[in-house]
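Results of the structural survey
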Amino acid sequence: MPLADDARAEGPRRTAFDWTDAEARRRAEAGLVRTLRPRAAESELLDLASNDYLGLTRRTEVTAAAAEAARRWGAGATGSRLVTGTTRLHTRLERELADFCGFEAALVFSSGYAANLAALTALGGRDSLIVSDASNHASIVDGCRLARAETAVVPHADPEAVRKTLEARPAHRALVVSDSVFSVDGDKAPLTELAEACRAHGAGFVVDDAHGFGVLGVGGRGALHEVGLAGDEDVVATLTLSKSLGSQGGAVLGPARVIEHLVNAARTFIFDTGLAPAAAGGALASLRLIAAEPALAGRARTVATTLYELLTAAGLTAARPDAAVVSVRAPSPEAALRWAADCREQGLAVGCFRPPSVPDGISRLRLTARADLTDSEVDRAVRTILRTAPAAV
């Protein structure tokens, strides 16, 4: 009998990825299945789920600039930044980003995720120590792993823990890395105290300002600018172009010698295709709008504070926002999912965070305050959230 017939006789044929079925069953039993939900180009939903903090992604000036960049430079960057993927749009965006945020130089990447990987892998290494906040974004966690450095995870927003870690574990070189604004609860890191701990031990300070840029600082210049750390010789910022700028991509800002080092050593820069010209053009147009309309940042913060005050006054538990993220507690993962779904059915899109995405195990609705929301839209959002709130909240 042929070998294939013998195999069939012994039972169902096993293939290389059969194990994924068991993983899928486990996710389903735990209620942790993620699904893609394509959004329509136009929607009647009131959006408190996206990260379009300043409401710029559909501004005519931004979409027109993106379209013009695609017509002039093509749909794609055509290659890595060091080959054919750099246009005058990219270098102009880098110069204006650095000037606006108060840094010496900047480097644009295809995503904020890639920017974090670049900063940590190129500035870390086997002979270095990275001290990372326990609530840092996944891109920072992955950057620490890929850097192959000794990594110490310290309690959330605890400068003294950072100081003690640097004292107890001296290394040839060290980095401290933190989000400026944490994406789950929207709270700010104690940047001034963290910088002091770094300087006491000669450590570099890397700050992911994805949720601070465009919202904090004078006219939205970012969390580091707000506390007077922007442009310091031992400080590096990373940020995304996909939140306040409403486009796509990421950037690293810092001393010129650090940026030059990334050009020569950061694998997510050297080996990745450059940011598409349309994204660079759109981001540049948004940056110029932010500079021309400095009230946008304050409006986003005002909307966040208003949401928080109205929801907590009605009895819900929420974290006081330091920027544009408002986190509202839910009694369980199942309740959070149902709450978000009920909001959606009533015309309101909200984010839903639950384990394992949240390190503290507390499920939440995550609301994004946007500068373009009207007072009546804020009131409508609050009424919807309260009307659909689980009984146990």
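Structural data are supplied above this passage.
Fair warning: this is a prediction, and the values are worked out from it, not measured in the lab.

**Here we look at the overall build of the protein**
Within the protein, the regular secondary structure consists of 15 helices and 12 strands. Relative to the globule expectation of 21 Å for 393 residues, the C-alpha radius of gyration of the protein, 23 Å, shows essentially globular dimensions. In the protein, which comprises 393 residues, the proportion classed as buried is 48%. Residue pairs in contact within the protein that sit at least 24 positions apart in sequence constitute 71% of those at least 6 positions apart. Split by element, the accessible area of the protein, about 18,500 Å² in all, is 52% carbon and sulfur. Each charge class in the protein can be summarised by its mean position, and for the 44 positive and 48 negative side chains these summaries are 4 Å apart.

**Digging into the sheet that holds strand E5 (residues 173-179)**
Strand pairing within a sheet occurs via backbone hydrogen bonds; the two strands may be parallel or antiparallel. Strand order in this open sheet of seven strands is E2-E8-E7-E6-E5-E3-E4, and the pairing throughout is mixed. What marks the edges here is a single partner per strand, and that holds for strand E2 (105-109) and strand E4 (150-154). Averaged over neighbouring strand pairs, the angle between their axes works out to 20° when direction is ignored. The pairing of E2 with strand E8 (residues 250-254) spans five bridges and is classified as antiparallel. For Phe 109, the partnering residue across the bridge sits in E8 and is Gly 250. In this fold helix H4 (residues 88-101) packs onto E2, strand E7 (235-240) and E8, with an angle of close to 130° to the strand it touches most, E2. Helix-sheet contacts for helix H7 (residues 159-168) involve strand E3 (128-133), E4 and E5, and the interaxial angle to E3 is about 165°.

**With respect to the side chain of Ser 180**
Topologically, Ser 180 is positioned in the loop between E5 and helix H8 (191-200). Look at Ser 180 and you get buried, because its relative accessible area is 1%. One polar contact links Ser 180 to Asp 209, side chain to side chain, over a distance of 2.5 Å. Once residues within four sequence positions are removed from consideration, Ser 180 is found in contact with Asp 187, Lys 188, Ala 189, Leu 191, Val 207, Asp 208, Asp 209, Gly 212 and Ala 223.

**A look at the sheet that holds strand E12 (residues 364-368)**
Here five strands make up an open sheet; going across it, the order is E1-E11-E12-E10-E9 and the pairing mixed. In this open sheet, the two edge strands, each paired with only one partner strand, are strand E1 (46-48) and strand E9 (318-319). Against the sheet, helix H13 (residues 295-313) touches E1, E9, strand E10 (325-329) and E12, its axis set at about 20° to E10. Those strands touched by helix H15 (residues 375-388) are E1, strand E11 (348-353) and E12, and its axis lies near 80° from that of E1.

**Section: the packing of aromatic side chains**
Taken as a whole and assessed by the stated rule, the structure comprises two aromatic pairs. Measuring from ring centre to ring centre gives 6.4 Å for Phe 100 and Phe 213, while their planes differ by 85°; the resulting arrangement is edge-to-face. Linking Phe 100 in helix H4 with Phe 213 in the loop between strand E6 (204-208) and helix H9 (223-226), this pair joins segments that are 113 residues apart in sequence. We note that Phe 100, like Phe 213, is buried. Relative to Phe 269, the ring of Phe 109 has its centre 5.6 Å away and its plane inclined at 70°; by these criteria the two rings are edge-to-face. On the criterion of sequence distance, the pair formed by Phe 109 in strand E2 and Phe 269 in helix H11 (residues 267-270) is long-range, its members being 160 residues apart.

**Looking at helix H5 (residues 112-123)**
With 12 residues, H5 should reach 16 Å at 1.5 Å per residue; the first-to-last C-alpha distance of 16 Å fits that figure. Extensive coverage of H5 is indicated by the burial of 10 of its 12 residues. Looking at H5, one finds that the buried residues are Gly 112, Ala 114, Ala 115, Asn 116, Leu 117, Ala 118, Ala 119, Leu 120, Ala 122 and Leu 123. The opening residue of H5, the one whose side-chain oxygen lies 3.4 Å from the backbone nitrogen of Tyr 113, is Ser 111. Of the residues flanking the end of H5, it is Gly 125, one or two places downstream, whose phi is positive at about 150°.

**A closer look at empty space enclosed by the protein**
One water molecule sets the probe size; rolling that probe over the atoms shows where empty space is left. Taken as a whole and judged by the stated rule, the model has three cavities of 30 Å³ or more. Along its surface, the largest cavity is lined by 13 residues, and Asp 133, Val 154, Val 162, Ser 178 and Leu 194 are the ones closest to its centre. Of all elements in the fold, only E3 and E5 reach the threshold of two or more residues within the lining of the largest cavity. For the lining of the largest cavity, the residue count by class is nine nonpolar, two polar and two charged. Put simply, the second largest cavity is a space of about 50 Å³. In this structure, the second largest cavity is lined by Cys 101, Phe 103, Asp 209, Arg 221, Gly 222, Leu 224, His 225, Ala 230, Ala 237, Leu 239 and Leu 253. At the level of secondary structure, the elements contributing two or more residues to the lining of the second largest cavity comprise H9 and E7.

Criteria and thresholds
- Residues numbered from 1 in each chain as written.
- Predicted model: local features only at pLDDT ≥ 70, side-chain atom pairs only at ≥ 80, totals over all residues.
- Heavy atoms only, no water.
- Helix = DSSP H or I, 4+ residues; strand = E, 2+ residues; numbered from the N terminus.
- Rg over C-alpha atoms; globule rule 2.2 N^0.38 Å.
- Buried < 20%, exposed > 50% of the residue type's maximum accessible area, 1.4 Å probe, protein only.
- Contact = heavy atoms within 4.5 Å.
- Areas by Shrake-Rupley, 256 points an atom, 1.4 Å probe, with all protein chains shown as cover.
- Lys, Arg positive; Asp, Glu negative; His and termini not counted.
- Charge placed at Lys NZ, Arg CZ, Asp CG, Glu CD.
- Pairing = 2+ DSSP bridges.
- Axes fitted to C-alpha atoms, helices over the stretch in contact; angles between N-to-C directions.
- Polar contact = N/O pair within 3.5 Å; in protein donor to acceptor, adjacent residues only side chain to side chain.
- Phe/Tyr/Trp six-rings, centres within 6.5 Å; stacked < 30°, edge-to-face > 60°.
- Expected span 1.5 Å × (residues − 1).
- 1 Å grid on protein atoms, 1.4 Å probe; cavity = no way out; pocket = protein on both sides within 12 Å on 5 of 7 lines; lining within 4 Å.
- Points joined across faces, edges and corners; volume = space filled by probe spheres on them.
- Nonpolar A, V, L, I, M, F, W, Y, C, P; charged D, E, K, R; others polar.

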